[in-house]
Amino acid sequence: MKNYKLIAPVVLVVLFVLGIYQTTNNRLKDEKQYNQYLEEARAYAAQEIELYAGENYQNALNMRPTLKLYLEIAHFYQDTMGNHSRALEWGERTLTAYPKSPESYNFLLAAYLKDRDPMSFFELYDTMRNRHVVSAEADALYQSVEYEYYLQGEYDEVSVFSGGLAPVRRNETWGYSNSKGKKKIGTIYAYAGAFNNGMAPVIDADGSGFFIDSDGNKVFVVDTEETVSELGSMSSADIYAVNNGREWNYYDKSGRLVMGGFTEATALANGLAACRTQEGWRIYDVYGNIHIDEKFDDVLTDEKNMAYRNERLFIKKDGAVQMIDEAGKRGGTQDYEAARSFLENSYAAVKSGGKWGFIDKEGNWLIEPAYEDARSFSNGYAAVCLDGMWGFINLERELCIPCQFTAAKDFTANGTVFVQNGTIWSVLLLYQKNYG
């Protein structure tokens, strides 16, 4: 019995040693098999034998899945075989297995660009950023295609976007396009104005004036005894202007005359409107009172016929264009040859010395005059003209979209803008914001 007690520990030691030996031996066999699969895969790859290379790569991956091996297989299909569909498939497999690895995104982003698929590129790049994965290589790829775009829609004439919709004309009638260039409200009107305060002024083929919502529903009818020759937008104070063929008058929704008798008039925007009589232009408030006790030769407006934007007006006095605030005080000291209204709290385009540049609301130059023509900044971009053609600059002063269009409008927050090629207007959509 004592002998058995002495033998038992020895047996356990022997079994332990045998177990270690067996495990080591199995590992060596597995290592040998794994290396054999890899060697054969690479040998077949060198001969461009896709079938057998793929089978051996898959066998090796089944034994030991690693990021490095996933990427090697993806590059085999991409670089050696030129099989883009299989390369994309393996890039997506790699990303699924390693969603936090920058290398996964780098390969797949580059593959999407090689496959000329910018929509998938920008969608994946946003996914990477949302997952807080950092990659200098991916950022460099992004910068190389940041301003890639596509065009959509064909119109004969357009205005600017407001409330996500823009007036567009096909043949002789007007309707509305959404920011992706698709017709939202049919081209059935003789006139269509800009959306403001949730509605837009239209005049139908019979000469009736009314306001519609963004779905094209009639929401307010102009109920005056006057003929409606022209119709202004509805202000936040529920006041609109009507031209009866002789003069402009302003009414509220109840039909009450607020002010009138003007030969020209702007929309009431941000509490102020500019109106002209035979004596000149003056600035009025929502109550019909004169707001600035001074007459001007002219008051500049934007394409929505609004004069007061970003707490500034551009007026013309003694042959020069000046910038003033709502009290009539000069903004800066310089006179300009021409100007375009601020579109937001950003920079306005002004002309000086025969060229166009950009200023802030204090009159400081962002960009000294250098362009043949220009439009004010909108959502980070401004249209500029060089050699008779239009393109776009960004706030970093870079010409990010080359001058290649015959005309251009203003960017929306959705990364879309109307541009003209020849006589046709289309919506330019930046892939980076329009990949869905």
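Small disclaimer: the values here were computed from a predicted structure and weren't measured.

Caption draft 1: Seen up close, the pattern of salt bridges. All chains considered together, the criterion is met by 18 salt bridges. One salt bridge connects Arg64 with Glu31, and the closest N-O pair in it is separated by 2.5 Å. Of this pair, Arg64 sits in the loop between helix H2 (50–63) and helix H3 (67–80) while Glu31 sits in helix H1 (residues 2–46), placing them 33 residues apart in sequence. In this structure, Glu303 engages Lys409 in a salt bridge whose closest nitrogen and oxygen atoms are separated by 2.5 Å.

Caption draft 2: Region of interest: the packing of aromatic side chains. All told, the structure shown has 29 aromatic pairs when counted by the stated rule. A centroid spacing of 6.3 Å and a plane angle of 70 degrees characterise the contact between Tyr189 and Phe210, whose relative ring orientation is edge-to-face. Of the two residues, Tyr189 is situated in strand S5 (residues 183–189) and Phe210 in strand S8 (residues 209–212); the sequence distance between them amounts to 21 residues. A single burial state applies to Tyr189 and to Phe210, both of which are buried. Seen in terms of ring centroids, Phe358 and Phe377 are 5.0 Å apart; in terms of plane orientation they differ by 65 degrees. Their pairing is edge-to-face.

Caption draft 3: Quick peek at the layout of surface pockets. Roughly 500 Å³ of volume is contained in the largest pocket. Contributing to the lining of the largest pocket are 27 residues, with Tyr191, Gly193, Glu303, Lys304 and Asn305 lying nearest its centre. Breaking the lining of the largest pocket down by element, the ones donating at least two residues are strand S2 (157–158), strand S6 (191–192), strand S10 (230–231) and strand S14 (264–265). Here the lining of the largest pocket is built from residues that sort into 14 nonpolar, eight polar and five charged. In this structure, the second largest pocket spans a volume of roughly 440 Å³. The wall of the second largest pocket is formed by 24 residues, among which Val160, Lys304, Leu343, Ser378 and Asp410 lie closest to the centre.

Caption draft 4: Representation of unusual backbone geometry. The phi angle at Arg116 is positive, at roughly 55 degrees, despite the residue not being glycine. For Arg116, the location among the structural elements is in the loop between helix H5 (102–114) and helix H6 (118–130). Arg116 gets classed as exposed once you look at its relative accessible area, which sits at 76%.

Caption draft 5: Expanded view of the sheet that holds strand S3 (residues 165–170). Strands sit in the order S2-S3-S4-S5 across an open sheet of four strands; the sheet is antiparallel. Two strands in the sheet have a free side with no partner beyond their single neighbour: S2 and S5. As defined by bridge partners, strand S4 (residues 173–178) adjoins S5 across three bridges and the pair is classed as antiparallel. Among the inter-strand pairings, Tyr176 is bridged to a residue of S5, identified as Ile185.

Caption draft 6: Spotlight on the packing of H5 against H6. Between H5 and H6, the shortest axis-to-axis distance is 9 Å and the interhelical angle comes to 160 degrees. Looking at the two axes, H5 sits roughly antiparallel to H6. Once H5 is placed against H6, the crossing between them reads as left-handed. Facing H5, whose interface residues are Tyr105, Leu108, Leu109, Tyr112 and Leu113, H6 presents Ser120, Phe121, Leu124, Tyr125 and Met128.

Caption draft 7: Spatial organisation of the sheet that holds strand S16 (residues 280–285). Here we have four strands laid out as an open sheet, ordered S14-S15-S16-S17, and antiparallel in their pairing. Either end of the sheet is taken by a strand with one partner, and the two such strands are S14 and strand S17 (290–296).

Caption draft 8: Representation of the nonpolar core within the structure. Grouped together as the largest cluster of nonpolar side chains are 47 residues, with contacts concentrated most on Leu69, Leu109, Phe121 and Phe418. Among the elements that line this core, the one with the most residues is H3, at seven residues. Among residues more than four places away in sequence, those in contact with Phe121 are Leu109, Tyr112, Leu113, Leu141, Tyr142 and Val145. If you look at the next biggest cluster of nonpolar residues, it comprises 15 residues, including Tyr381, Trp390, Phe411 and Leu428.

Conventions we followed
- Residues numbered from 1 in each chain as written.
- Predicted model: local features only at pLDDT ≥ 70, side-chain atom pairs only at ≥ 80, totals over all residues.
- Heavy atoms only, no water.
- Salt bridge = Lys/Arg side-chain N within 4 Å of Asp/Glu carboxyl O.
- Helix = DSSP H or I, 4+ residues; strand = E, 2+ residues; numbered from the N terminus.
- Phe/Tyr/Trp six-rings, centres within 6.5 Å; stacked < 30°, edge-to-face > 60°.
- Buried < 20%, exposed > 50% of the residue type's maximum accessible area, 1.4 Å probe, protein only.
- 1 Å grid on protein atoms, 1.4 Å probe; cavity = no way out; pocket = protein on both sides within 12 Å on 5 of 7 lines; lining within 4 Å.
- Points joined across faces, edges and corners; volume = space filled by probe spheres on them.
- Nonpolar A, V, L, I, M, F, W, Y, C, P; charged D, E, K, R; others polar.
- Pairing = 2+ DSSP bridges.
- Axes fitted to C-alpha atoms, helices over the stretch in contact; angles between N-to-C directions.
- Parallel < 35°, antiparallel > 145°, perpendicular 65-115°, else oblique.
- Left-handed = near helix turned anticlockwise from the far one by under 90°.
- Contact = heavy atoms within 4.5 Å.
- Core = buried A, V, L, I, M, F, W, Y, C linked by side-chain atoms within 4.5 Å.

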